[in-house]
Amino acid sequence: MNWDDTTDATSASGADRLVGPSADGEDQAVEAALRPKDLDEFIGQEKVREQLDLVLRAARARGATADHVLLSGAPGLGKTTLSMIIAAEMGAPIRITSGPAIQHAGDLASILSSLQEGEVLFLDEIHRMSRPAEEMLYMAMEDFRVDVIVGKGPGATAIPLELPPFTLVGATTRAGLLPPPLRDRFGFTAHMEFYGAAELERVVHRSAGLLDVPLDAEGAAEIAGRSRGTPRIANRLLRRVRDYAQVKADGAITREVAAAALRVYEVDDRGLDRLDRAVLEALLKLFGGGPVGLSTLAVAVGEERETVEEVAEPFLVREGLLARTPRGRVATPAAWAHLGLTAPQQAPGGLVGGSGQQGLFGA
């Protein structure tokens, strides 16, 4: 039950999805109560936990601040949670902000100048920070110093400002967008992986205990299997299943209750929701499995192009249900099987079912 990241949703359609990885106000409030307080409580990410434990233990033994830490991975996997654990393990306060909130170098300078010695600064979505602030961060991380510019033009003066030693914890969902000079200044980097079913079952069991919700092993497995490898989604589904169990059952969550609840919320046994299935159904039923261009596919499902590309497609690709090709989007055999449809035979010349969809709807 490690989830985190107050990442903005990519679109309005992604913001209110039950299986969306971003957190709204309700999620953030519940997560605060469910978050683990130390590394021993943190479930999953075994390699990251082991490596981070060594970094923190060594820093405590030296009586020094911990190295700067960069955490990358999809939303909802535990980056914010780990930043809070780092602060707790080091016995230090934590300051939380985000890249989009720092638009000017002065914004960053005011934050850095008010840090206490040993304090942890958590910078979420660090890749979205403005370039001037990013360049100021280089010196702050390496030399614990910033130059504050006073005045403008030829009369401008740079005043060096010494900073107390601090630990920067940067979190990003897109590590490739970080410039090498910034990435190289982190002493420890870790990539957060998606969770396996067994780990998510442990997450669900722990959260159910904290929420005082009766839950059996099969009910936990049913929720975990539809959680898309993400603890935040597992906890959100648990809360919705809890609501259903209280209203429609005796309050206890079994496999049957969980399955019935998630049918109501249109989350299928593989974690696909209405938008995901709409994309697959359009691709299979209207375009014979593709290839079909992204814009055409978006029009077919009544969504914006960005919504299909950034909200629906990443999970469908990761599940092996959809492929992105130079000619357009193509359904895989697994997509046909998941929707219970029979794939048409491949026609000569690469056209699906002889329908000519490639020529009409290619990318």
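For the structure given in this document, a descriptive report is provided here. (Residues numbered from 1 in each chain as written. Predicted model: local features only at pLDDT ≥ 70, side-chain atom pairs only at ≥ 80, totals over all residues. Heavy atoms only, no water.)

## Side note on the pairing of strand 2 (residues 94–98)
Sheet topology note: the strand 2/strand 3 (residues 120–124) ladder contains five bridges and is parallel. Paired with I96 across the two strands is F122, which belongs to strand 3. Handedness of the crossover joining strand 2 and strand 3 through helix 5 (residues 105–113): right-handed. (Pairing = 2+ DSSP bridges. Helix = DSSP H or I, 4+ residues; strand = E, 2+ residues; numbered from the N terminus. Right-handed = clockwise from strand over helix to strand, strands pointing away.)

## Considering the nonpolar core
Counting residues in hydrophobic clusters, the biggest one holds 50 residues, and the most contacted among them are L52, L82, I223 and I253. No other element matches the seven residues that helix 10 (residues 231–248) contributes to this core. For L52, the contacting residues outside a window of four places in its chain are L39, V69, L82, I86 and F188. L115, A133, A140 and F186 belong to the second largest nonpolar core, which has 24 residues in total. (Core = buried A, V, L, I, M, F, W, Y, C linked by side-chain atoms within 4.5 Å. Buried < 20%, exposed > 50% of the residue type's maximum accessible area, 1.4 Å probe, protein only. Contact = heavy atoms within 4.5 Å.)

## Observations regarding the pattern of salt bridges
Per the stated rule, a full pass over the model turns up 18 salt bridges. Salt-bridge contacts for E134 lead to R131; the nearest nitrogen and oxygen are separated by 3.1 Å. With E134 and R131 both in helix 6 (residues 131–143), this residue pair falls three residues apart, about one helical turn. With a relative accessible area of 4%, E134 lands in the buried category. The class for R131 is exposed, based on a relative accessible area of 52%. (Salt bridge = Lys/Arg side-chain N within 4 Å of Asp/Glu carboxyl O.)

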